Amino acid sequence: MLPESAVREAEIHAAEHELYPPSPEVVRSAWVQDWESIARRAEADPEGFWAERALELEWFSPWNQVLDDSEKPFYRWFVGAKVNIVHNCLDRHMKTWRKNKLALIWESEKGEVRTFSYFALNREVSKFANVLKSMGIRKGDRVTIYMGRVPELPIAMLACAKIGAIHSVVYGGFSVEALHGRIEDSQSKLAITCDGAFLNGKIVELKQIMDEALKRSPTVENVIVVKRTGREVNMEAGRDLWYHDLMGLPIANGKCETEVMDAEDPLYILYTSGTTGKPKAVLHVHGGYMVGIYTTLKYVFDIKDEDRWWCAADPGWVTGHSYIVYAPLLCGATSLMYEGAPTYPYPNRWWQMVEKYGITILYAAPTAIRGLMRFGEAWPNRYDLSSLRLLGSVGEPINPEAWRWYYRVIGKERCPIMDTWWQTETGMFMITPLPCVALKPGSGTRPFFGIQADVVDEEGKPVKNGDEGYLVIKTPWPAMLRTIYGDPDRYVEQYWSKYPGLYLTGDSAKKDDDGYFWIIGRVDDVIKVSGYRLGTAEIESALVSYPAVAEAAAIGLPHDVRGHTIYAYVLLKTGQAPSDDLAETLRLHVGHEMGPIAKPEKIIFVDKLPKTRSGKIMRRVLKARAMGLPEGDLTTLED
Ligand code: PRX
């Protein structure tokens, strides 16, 4: 299917029979000790399984139906119940000893530390919620959050959720056009940003990018700015306000009622790239999402009160939403949040923090593991990593070589690796091991309790074990996206129309004889660069917005560290001459429009792009050519 399938196939072949059974010590203390019995029970009665998990949390009033599938694929969970996820993240803990427990440890790239107990986090969130209310933000209003990795980011998200506003976090690595598009689509009333962010020893000019993006966004009435770098920034009178000024006002008091929400009321939107067109706003809700992420974090990473959890993702992506901000608080856990890059100023940064804070569970992306692996074992070996008991991987397939390094050098062959497959749309882990499950390097093992997945062919029929096909989900799950905000037709079209009744993931995969799933990669026009999800359409439209460019096609090619890297094929307008300077200008232009992660590694000028007779660019052909692989079926090629 994919040109790079052969590469992944070889990896899978090598690792398919390499089994890592769990150690009795790991199993003995785990929440789940017997996978089979719970899996069987959840398969027989998924609604009963989820309802029991939901009862571990607090509801203002109960549901009258666990799952309503009368208008599928618009599924509804915990119908009729009243709840607020923030009540379970914060308010609930104020009644117990946990109010004095550390909720968040934050360390900056330069090594500054800030800590928040549950009590302190609740106070800051309540204060900011009062600020938002005083600025006229109400239930259902959209708020765009565009910040670096600072504690004020989760505080802002939680404050929005507390009063029922819908947050739309835009990853701080995105730039002007990407930010503008997301603000415009969400019609946000308020934006929250920082004067700048530190990353890799450099400053990202967040406020300046926000100012540019807002030039064409009339809906935003105010901008709240968190001071992080202390550099001089433009503050527009009447529009822009400093976070610390607002938090010092009497209105910002530490008591604020948590809004009573319907279980199906929106919690947030998060833009993600799909097939064709603009990024789409995936919508998650308060009730089912809460139950799904709470249960998966608790069971998969076996969270206990004595743990110190570190999800090393960015809060601006779904991994951060679910497993830095919401789920750890739902579980009453202590988390670490780190501002910077793993290798700045030295590649010891992560291992130093594992030792310093006694991290017990580390959840990271394969690209980061591969990046750190390059620097050799001496860096981690200088630190005491014995506090670690579990490791995790997310965002893209982890190649067995990186898996083994992570297992041996970081986990000292003691710590099982939870390779969790999921998506912005799924909200929660979907295919994942548990500590009690035997592992194979590079496989997410089997679907989580109550989830049914399969690998199917073009017609939607299950393929034989060992054959590649489309990964689909066969049953609804509580944290599933509810729709594309403002575009329900696209929700149906994108996920539920290829095979009615089956959720289309956009990934290809295979299943082995043990029922273990192996993800191969995206089959649509999504490119994963360093685990970040980008759309070919966005990169291409950034290129075409440059005056000299007539047409463009972007593809992702396999890369040792980043997983994929972007190559862009550019057709210039007549009269324009290709040159190295122009190629560099175009790279910078994409960086300015979309953000540094989207900058193509290479720009290739061409006279023609391979297209189907109906005019669709055949990226598959470009990719096969670039990789020196067979071009496959060319019968649909225009000439
Ligand atoms: O292709 C799969 C890959 O990431 C895609 C989802 O990207 P996003 O919505 O940005 O969410 C990333 C974080 C959950 C999937 O369609 N992917 C994610 N996790 C894995 C993975 N591929 C292989 N193994 C994983 N563990």
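These notes cover the structure that comes with them. None of these values were measured; they are calculated from a predicted model.

Our focus in this paragraph is unusual backbone geometry. Cis peptide bonds are those with omega within 30 degrees of zero, and the linkage from K72 to P73 qualifies with 10°. Its place among the elements puts P73 in the loop between strand 1 (65-68) and strand 2 (76-79). In this structure, the amide linkage connecting Y344 to the following residue, P345, adopts the cis form with an omega of -5°. One can find P345 in the loop between strand 17 (334-338) and helix 13 (349-357). A positive phi angle, near 50°, is found at K412, a position not held by glycine. Within the fold, K412 resides in the loop between helix 16 (400-410) and strand 20 (417-420). Positive phi outside glycine occurs at T445, with the angle close to 60°. Along the chain, T445 turns up in the loop between strand 20 and strand 21 (453-456). Look at T445 and you get buried, because its relative accessible area is 1%.

To continue, consider the environment of R587. If you trace the backbone, R587 turns up in helix 19 (residues 580-593). Setting aside chain neighbours within four positions, we find R587 in contact with K599, P600, E601 and I603.

The environment of the ligand is made up of 17 residues, and the closest members are D419, T420, T424, R522 and R533. With respect to the ligand, the side chain of T424 contributes an N or O atom lying 2.5 Å from an oxygen atom. Between the ligand and R533 there is a distance of 2.7 Å, counted from an oxygen atom to a side-chain nitrogen or oxygen. About the coverage of the ligand: the protein hides 96% of its 540 Å² of free accessible area. Here the shell around the ligand is built from residues that sort into six nonpolar, five polar and six charged.

This part is about the side chain of E264. Of note, E264 is situated in the loop between strand 13 (261-262) and strand 14 (266-272). With a relative accessible area of 16%, E264 lands in the buried category. A distance of 2.9 Å separates a polar side-chain atom of E264 from the backbone nitrogen of W77. In contact with E264, not counting residues within four places along its chain, are Y75, R76, W77, V285 and R482.

So, about empty space enclosed by the protein. Overall, the coordinates contain three cavities of 30 Å³ or more when judged by the stated rule. For the largest cavity, the calculated volume is near 70 Å³. Lining the largest cavity are A103, L104, L121, P154, L158, I324, V325, L329 and S335. No other element matches the three residues that helix 12 (residues 318-330) contributes to the lining of the largest cavity. A class-by-class count of the residues in the lining of the largest cavity yields eight nonpolar, one polar and no charged. Roughly 50 Å³ of internal volume is contained in the second largest cavity. Lining the second largest cavity, in full, are V169, V170, Y171, F174, R182, L270, Y271, G316 and W317.

Strand order in the open sheet made by the three strands is 28-29-30, with mixed pairing throughout. Bordering the open sheet on either side are strand 28 (549-559) and strand 30 (602-605), each of which pairs with just one other strand. Averaged over all adjacent pairs, the angle separating strand axes in this sheet is 25°, with direction ignored. Bridge analysis of strand 29 (residues 563-572) against strand 30 gives four bridges, and the strand direction is parallel. Following the sheet pairing, A568 is matched in strand 30 by I603. Sheet strands touched by helix 19: strand 28, strand 29 and strand 30. Its angle to strand 30, the strand with the most contacts, is close to 130°.

Here we come to the state of the cysteines. By definition, a disulfide is the covalent link that joins the sulfur atoms of two cysteine residues. Under the defined criterion, the tally for this structure stands at zero disulfides. Summary of cysteine pairing: C160 is not part of a disulfide, and the nearest cysteine sulfur, belonging to C256, is at 12 Å. Left without a disulfide partner, C415 is nearest to the cysteine sulfur of C436, which lies 16 Å away. A residue is classified by how much of its surface remains accessible, and C415, at 0% relative accessible area, is buried.

Turning our eyes to something else, we now look at helix 11 (residues 287-300). In a regular helix each residue adds 1.5 Å, so 14 residues correspond to 20 Å; helix 11 covers 20 Å between its end C-alpha atoms and thus fits that length. With 14 of its 14 residues buried, helix 11 lies for the most part within the structure. Following helix 11 by one or two positions, D302 adopts a phi angle in the positive range, close to 50°.

One way to put it is that helix 18 (residues 536-544) packs onto helix 19 with a least axis distance of 9 Å and a crossing angle of 120°. By the criterion of interaxial angle, the relationship of helix 18 to helix 19 is oblique. By crossing handedness, the relation of helix 18 to helix 19 is classed as right-handed. Side by side, helix 18 and helix 19 meet where I539, A542 and L543 of the first sit next to L586, H589, V590 and E593 of the second. Residues that form the contact of helix 18 with helix 19 fall into these classes: five nonpolar, one polar and one charged.

The subject of this paragraph is the nonpolar core. By size, the foremost hydrophobic cluster in this structure holds 173 residues, and its most contacted members are W59, F78, I85, F128, Y323 and Y326. Here this core takes nine residues from helix 7 (residues 152-163), the largest share from any one element. Excluding anything up to four places from it in sequence, Y326 contacts I85, C89, M157, L158, A161, H167, L267, Y268, Y289, I293 and H321. Counting 31 residues, the second-largest nonpolar core is a separate cluster that includes A368, L391, Y407 and I410.

This part takes up helix 3 (residues 35-44). Among the residues making up helix 3, those that are buried are W35, A39 and A42. The arc enclosing the buried residues of helix 3, seen along the axis, measures out at 70°, which places them on a common side. Among the exposed residues of helix 3, those pointing more than 90 degrees away from its buried face are R40 and A44. Taken together, the buried residues of helix 3 touch helix 4 (46-54). One side-chain oxygen of the residue at the start of helix 3 lies 3.3 Å from the amide nitrogen of E36, identifying that residue as D34.

Rules used in this analysis
Sequence order sets the numbering: in each chain, residues are counted from 1 along the sequence as written. Since the coordinates come from a predicted model, pLDDT governs what is reported: local features require at least 70, and pairs of side-chain atoms require 80 or more to be given and counted, while whole-chain, interface and lining totals use all residues. Note: side-chain values were computed over all heavy atoms of the structure, leaving out hydrogens and water. Numbering goes from the N terminus for both helices and strands, where a helix is a DSSP run of H or I of at least four residues and a strand is a run of E of at least two. Between buried and exposed lies partly exposed: a residue is buried under 20% and exposed over 50% of the maximum accessible area for its type, with that area taken using a 1.4 Å probe on protein chains only. Working rule for contacts: check all heavy atoms of both residues, and any pair within 4.5 Å makes them a contact. Residues are counted as near a molecule or strand when any one of their heavy atoms sits within 4 Å of it. Between N or O atoms, a polar contact is any pair within 3.5 Å; within protein, one atom must be a potential hydrogen donor and the other a potential acceptor, and residues adjacent in sequence are included only when both atoms are from side chains. Only the protein chains shown count as covering a residue, and every accessible area follows the Shrake-Rupley method with a 1.4 Å probe. Basically, the charged four are Asp, Glu, Lys and Arg, the nonpolar ten are Ala, Val, Leu, Ile, Met, Phe, Trp, Tyr, Cys and Pro, and anything else, Gly included, counts as polar. Note on definitions: the grid is 1 Å and covers protein atoms alone; a cavity is a set of points where a 1.4 Å probe fits but cannot get out; a pocket is an open set with protein on both sides within 12 Å along at least five of seven lines; lining residues have an atom within 4 Å of a point. Grid points are joined across faces, edges and corners, and a volume is the space filled by probe spheres set on the points. Here, any two strands with at least 2 DSSP bridges between them count as paired. Helix axes are fitted only over the stretch in contact, all axes being lines through C-alpha atoms; the angle between N-to-C directions runs from 0 to 180 degrees. Criterion for a disulfide: a pair of cysteine sulfur atoms at a distance within 2.5 Å. Expected span of a helix, by definition, is 1.5 Å for each gap between consecutive residues, and there is one gap fewer than residues. In this scheme, roughly parallel covers angles under 35 degrees and roughly antiparallel covers those over 145, while 65 to 115 is roughly perpendicular and the rest are oblique. Rotating anticlockwise by less than a right angle from the far helix to the near helix defines a left-handed crossing, while the corresponding clockwise rotation defines a right-handed one. Here the nonpolar core consists of buried residues drawn from Ala, Val, Leu, Ile, Met, Phe, Trp, Tyr and Cys, with membership extended through side-chain atoms lying within 4.5 Å. To obtain the arc, one takes the directions from the helix axis to the C-beta atoms.

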